[in-house]
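Read off the chains here:
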Number of protein chains: 4
Amino acid sequence: MLQTHPTPSGIDLGALASCIEACFECAFCCTACADACLAEDVVADMRFCIRQDLDCADVCVATGRILSRQTQPDWALMRWQVEACRTACQRCHDECAKHAGKHAHCKRCADNCSTCADACTRLLSAIDAVA
Amino acid sequence: MLQTHPTPSGIDLGALASCIEACFECAFCCTACADACLAEDVVADMRFCIRQDLDCADVCVATGRILSRQTQPDWALMRWQVEACRTACQRCHDECAKHAGKHAHCKRCADNCSTCADACTRLLSAIDAVA
Amino acid sequence: MLQTHPTPSGIDLGALASCIEACFECAFCCTACADACLAEDVVADMRFCIRQDLDCADVCVATGRILSRQTQPDWALMRWQVEACRTACQRCHDECAKHAGKHAHCKRCADNCSTCADACTRLLSAIDAVA
Amino acid sequence: MLQTHPTPSGIDLGALASCIEACFECAFCCTACADACLAEDVVADMRFCIRQDLDCADVCVATGRILSRQTQPDWALMRWQVEACRTACQRCHDECAKHAGKHAHCKRCADNCSTCADACTRLLSAIDAVA
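Our subject in this report is the structure included herewith. (Residues numbered from 1 in each chain as written. Chains lettered and ligands numbered in written order. Predicted model: local features only at pLDDT ≥ 70, side-chain atom pairs only at ≥ 80, totals over all residues. Heavy atoms only, no water.)

### Side note on the overall build of chain A
A count of helices and strands for chain A gives four helices and zero strands. Mapped from its N terminus to its C terminus, chain A presents α and β elements in the order α-α-α-α. Computed over its C-alpha atoms, the radius of gyration of chain A comes to 15 Å, within 12% of the 14 Å expected for a compact globule of 131 residues. Each principal axis of the C-alpha atoms in chain A carries an extent, and together these give about 50 × 25 × 20 Å. Considering chain A as a whole, with its 131 residues, one finds that 65% of them fall into the buried category. A total of about 4,300 Å² of accessible surface is found on chain A, and carbon and sulfur atoms cover 47% of it. Charge separation in chain A, taken as the distance between the mean sites of 12 positive and 17 negative side-chain charges, equals 2 Å. (Helix = DSSP H or I, 4+ residues; strand = E, 2+ residues; numbered from the N terminus. Rg over C-alpha atoms; globule rule 2.2 N^0.38 Å. Buried < 20%, exposed > 50% of the residue type's maximum accessible area, 1.4 Å probe, protein only. Areas by Shrake-Rupley, 256 points an atom, 1.4 Å probe, with all protein chains shown as cover. Lys, Arg positive; Asp, Glu negative; His and termini not counted. Charge placed at Lys NZ, Arg CZ, Asp CG, Glu CD.)

### A word on the relation of the copies chain C and chain D
What connects the two chain copies is a rotation about an axis and a shift along it. At an RMSD of 0.0 Å, chain C and chain D line up after a rotation of 180 degrees and a shift of 0.0 Å along the axis. Such a combination of rotation and displacement between the chain copies is what one expects of a two-fold axis. Proximity to the rotation axis, assessed at the C-alpha, singles out Phe24(C) in chain C; its C-alpha lies 3.1 Å from the axis. When you check the interface residues of chain C against chain D, 100% turn up at the interface there too, and the contact is symmetric in its surfaces. (Least-squares fit on C-alpha atoms with pLDDT ≥ 70 in both. Contact = heavy atoms within 4.5 Å.)

### A short note on the side chain of Asp58(C)
With respect to the helices and strands, Asp58(C) occurs in helix α2 (residues 47–67). Those residues in contact with Asp58(C) that lie beyond four places of it in its chain are Ala62(B), Arg65(B), Ile66(B), Arg69(B) and Arg65(D).

### Remarks on the packing of α2(C) against helix α3 (residues 75–98) of chain C
Residue and element names in this part refer to chain C. Remark: α2 packs on α3, axes separated minimally by 9 Å, with the N-to-C direction vectors making an angle of 150 degrees. Taken together, the axis directions place α2 and α3 in an arrangement best described as roughly antiparallel. The two elements α2 and α3 cross, and the hand of that crossing is left-handed. For the pair α2 and α3, contact is made by Phe48, Cys49, Gln52, Asp53, Cys56, Val59, Cys60, Ala62, Thr63, Ile66 and Leu67 and by Met78, Gln81, Val82, Ala84, Cys85, Ala88, Cys89, Arg91, Cys92, Glu95 and Cys96, respectively. (Axes fitted to C-alpha atoms, helices over the stretch in contact; angles between N-to-C directions. Parallel < 35°, antiparallel > 145°, perpendicular 65-115°, else oblique. Left-handed = near helix turned anticlockwise from the far one by under 90°.)

### Concerning the packing of α3(C) against helix α4 (residues 104–130) of chain C
Each packed pair of helices is defined by two parameters, the angle between the axes and the distance between the axes. Residues and elements named next belong to chain C. Running from N to C, α3 and α4 point in directions that differ by 155 degrees, and their axes come no closer than 8 Å. Taken together, the axis directions place α3 and α4 in an arrangement best described as roughly antiparallel. In this structure, the crossing between α3 and α4 has a hand that is left-handed. By residue class, the composition of the contact of α3 with α4 is 19 nonpolar, four polar and four charged. (Nonpolar A, V, L, I, M, F, W, Y, C, P; charged D, E, K, R; others polar.)

### Digging into the interface of chain A and chain B
Contact with chain A, which involves 29 residues of that partner, is made by 30 residues of chain B. The tally of links from chain A across to chain B stands at two salt bridges. Of the charged contacts, one joins Arg65(B) and Asp58(A) as a salt bridge, the two residues approaching to 2.6 Å between their closest N and O atoms. The tally of links between chain A and chain B comes to eight residue pairs in polar contact (both at pLDDT 80 or more). Secondary-structure elements contributing two or more residues to the side of chain A that touches chain B are α1 (13–38), α2 (47–67) and α4 (104–130) of chain A. With nine residues, the top contributor of residues to the side of chain A that touches chain B is α1(A). For the side of chain A that touches chain B, the per-class residue count stands at 15 nonpolar, eight polar and six charged. (Salt bridge = Lys/Arg side-chain N within 4 Å of Asp/Glu carboxyl O. Polar contact = N/O pair within 3.5 Å; in protein donor to acceptor, adjacent residues only side chain to side chain.)

### Here's the deal with the relation of the copies chain A and chain B
The operation relating chain A to chain B is a screw motion whose rotation component is 180 degrees, with 0.0 Å of axial translation and a residual RMSD of 0.0 Å. Here 100% of the contact residues of chain A are again contact residues in chain B; the copies associate through an equivalent surface.

### Considerations on the interface of chain C and chain D
In this complex, chain C contributes 30 residues to the contact, which on the side of chain D involves 30 residues. Summed over both partners, the interface of chain C with chain D comes to about 2,700 Å²; 69% of that surface belongs to carbon and sulfur atoms. Taken together, the links from chain C to chain D amount to two salt bridges. In this assembly, chain C and chain D are joined by eight residue pairs in polar contact (both at pLDDT 80 or more). Sorting the residues of the side of chain C that touches chain D by element identifies α1 (13–39), α2 and α4 of chain C as the ones contributing at least two each. (Buried area = accessible area lost by both parts, 1.4 Å probe.)

### Here's the deal with empty space enclosed by the protein
Evaluation of the coordinates by the stated rule reveals six cavities of 30 Å³ or more. Approximately 180 Å³ is the volume found for the largest cavity. Taken together, 16 residues line the largest cavity, and the ones lying closest to its centre are Val61(A), Val61(B), Val61(C), Arg65(C) and Val61(D). Mapped onto the lining of the largest cavity, the elements with two or more residues apiece are α2 of chain A, α2 (47–67) of chain B, α2 of chain C together with α2 (47–67) of chain D. (1 Å grid on protein atoms, 1.4 Å probe; cavity = no way out; pocket = protein on both sides within 12 Å on 5 of 7 lines; lining within 4 Å. Points joined across faces, edges and corners; volume = space filled by probe spheres on them.)

### Regarding the nonpolar core
Of all hydrophobic cores here, the largest spans 216 residues; its most connected members are Leu123(A), Leu123(B), Leu123(C) and Leu123(D). Aside from chain neighbours lying at most four places away, what touches Leu123(D) is Ile11(D), Ala15(D), Leu16(D), Cys19(D), Leu67(D) and Val82(D). (Core = buried A, V, L, I, M, F, W, Y, C linked by side-chain atoms within 4.5 Å.)

### Some details on the pattern of salt bridges
One side chain can pair with another of opposite charge once the charged atoms of both are near each other. Per the counting criterion, the structure on display carries 40 salt bridges over all chains. Residue Asp74(C) pairs with Arg91(B) through a salt bridge whose shortest N-O separation is 3.1 Å. Highlighted residues: Asp74(C) in the loop between α2 and α3 and Arg91(B) in helix α3 (residues 75–98), drawn from two different chains. Residues joined in a network through salt bridges with shared partners are Arg51(A), Asp55(A), Asp58(A), Arg65(B), Arg69(B), Arg51(C), Asp55(C), Asp58(C), Arg65(D) and Arg69(D).

### Things to note about the packing of aromatic side chains
In the structure shown here, the tally under the stated rule is four aromatic pairs over all chains. Ring geometry for Phe24(C) and Phe24(D): centres 6.5 Å apart, planes at 45 degrees, overall tilted. Here Phe24(C) is found in helix α1, whereas its partner Phe24(D) is found in helix α1 (residues 13–38) on a different chain. Assessed through its relative accessible area of 5%, Phe24(C) is described here as buried. (Phe/Tyr/Trp six-rings, centres within 6.5 Å; stacked < 30°, edge-to-face > 60°.)

### Points about the environment of Gln90(A)
Residue position: Gln90(A) is located in helix α3 (residues 75–98). Taking C-alpha positions, Gln90(A) is 8.7 Å from Cys116(A), a pair spaced 26 residues apart along the chain.

### Describing unusual backbone geometry
The phi torsion at Gln72(B) lies on the positive side, around 45 degrees, for a residue other than glycine. Given a relative accessible area of 40%, Gln72(B) falls into the partly exposed group.

### A closer look at a negative patch on the surface
On the surface, Glu21(A), Glu25(A), Glu21(B) and Glu25(B) cluster together to form a negatively charged patch. Of all the elements in the fold, those that place two or more residues in the negative patch are α1 of chain A together with α1 (13–39) of chain B. In this structure, Glu25(B) sits in helix α1. When its relative accessible area of 39% is taken as the criterion, Glu25(B) is described as partly exposed. (Patch = residues over 30% accessible without salt bridge, like charges linked within 9 Å, V, L, I, M, F, W, Y side chains within 5 Å.)

Quick look at the structure:
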């Protein structure tokens with residue numbers, strides 16, 4: 001899809017595509033994990049995990065949408081947003097990882113957050129190369 | 001991810017997973033197509049396509065998020081939202097299909113919208129089976 | 001803001017503006033109510049309320065964004081989305097109203113959901129008048 | 001609404017409320033401005049403005065939602081996201097301001113972006129006071 005753009009921005013499309021895909025996948029996982037945490041018997045212990053999940057989902061949706069645009073990108077804005085996304089994914093990973101032994105949804109979510117944080121790191125390097 | 005939920009809603013998880021995946025993929029494609037249309041020389045001819053793309057992306061994000069939750073689902077709300085999503089995808093497909101010969105992004109977007117509309121149709125049947 | 005559009009759609013701008021404003025206000029209230037419910041001692045009793053809040057916030061954001069666009073509106077899509085929004089607001093109101101005596105955030109959220117559902121009803125009439 | 005939270009985070013609620021309100025208002029204005037730009041005769045001249053509007057709307061929605069949560073806030077994430085929002089609003093203001101003489105929607109949007117950027121700046125100070 002990204003290769004069909006009439007005026008590509010010059011950024012490494014592989015790094016861009018990986019990060020977009022990771023953002024939307026992570027938005028799904030975090031939304032589903034928050035909901036699964038909510039249904040656990042020990043929901044009172046999952047408050048912080050739910051909050052991190054919800055924040056991470058919101059950041060990932062916004063980041064995925066912004067990255068999907070290649071028309072005259074504003075690299076400064078993109079950098080801030082991808083940094084916010086990396087932070088959200090790292091924090092959400094750290095919290096979900098604490099519950100990974102008990103809850104399979106937290107294990108899956110932690111893995112996805114880690115993948116998305118790594119994709120953000122690679123994209124930040126790709127932004128540096130063109131900005 | 002959906003199979004890890006502690007209190008599954010009883011809906012066909014295959015139909016649910018397909019529709020969620022299609023919604024997020026369609027949200028990406030429509031966002032990217034709107035942006036690619038914006039960069040075309042003939043942008044004035046792409047106004048309606050851009051508008052449909054933007055609406056469809058918004059509906060798909062909301063639908064994908066709501067479908068990702070399995071805790072005590074409200075089938076009536078889910079049905080309205082999936083109907084809205086199917087309509088958005090059908091209309092966006094119809095408009096993008098008109099430009100598919102000229103613009104590869106419209107061809108890709110039309111295909112994705114069609115896939116998502118079909119996934120919505122299957123999910124509506126799955127909702128009927130449990131609601 | 002809506003009056004500055006170069007090609008207005010012909011719909012009653014008062015009804016449109018009220019519904020957009022109600023959607024964004026309701027998205028805020030539902031997000032804040034879900035979070036406040038999550039922090040309550042009796043969080044296990046608030047599961048369904050949190051779920052309804054989260055769904056309602058997602059629907060309201062999408063509806064508010066779609067309604068903010070006046071370029072060649074697709075009335076069929078708009079109608080489905082506003083119906084989904086009305087349903088989400090009604091259901092979220094009904095659940096929040098049950099907790100309104102105990103939790104001030106549920107009282108405030110129920111009131112906002114009711115306002116938004118009414119704004120949706122008025123907008124549906126306005127759509128009927130032009131579609 | 002924010003005052004009804006059972007476990008307030010300790011941040012200045014006035015600064016928080018102003019920023020949330022500004023984010024959702026700016027999300028509306030940017031969405032409406034992008035759509036109005038799309039309908040202008042000179043749409044080819046408005047490409048960058050539309051792109052900035054769309055990005056700014058996405059960032060504002062995510063920021064408004066995250067700020068609406070007070071349960072165990074992650075100040076580091078909040079800071080990144082508010083910085084991203086301030087940058088998006090500043091850039092969108094700068095672009096809209098160039099068209100403010102010709103298009104009333106760009107004038108209104110520039111004013112709202114400026115208000116939101118200022119609210120972000122004040123909130124960043126409030127975060128510093130508690131983080």
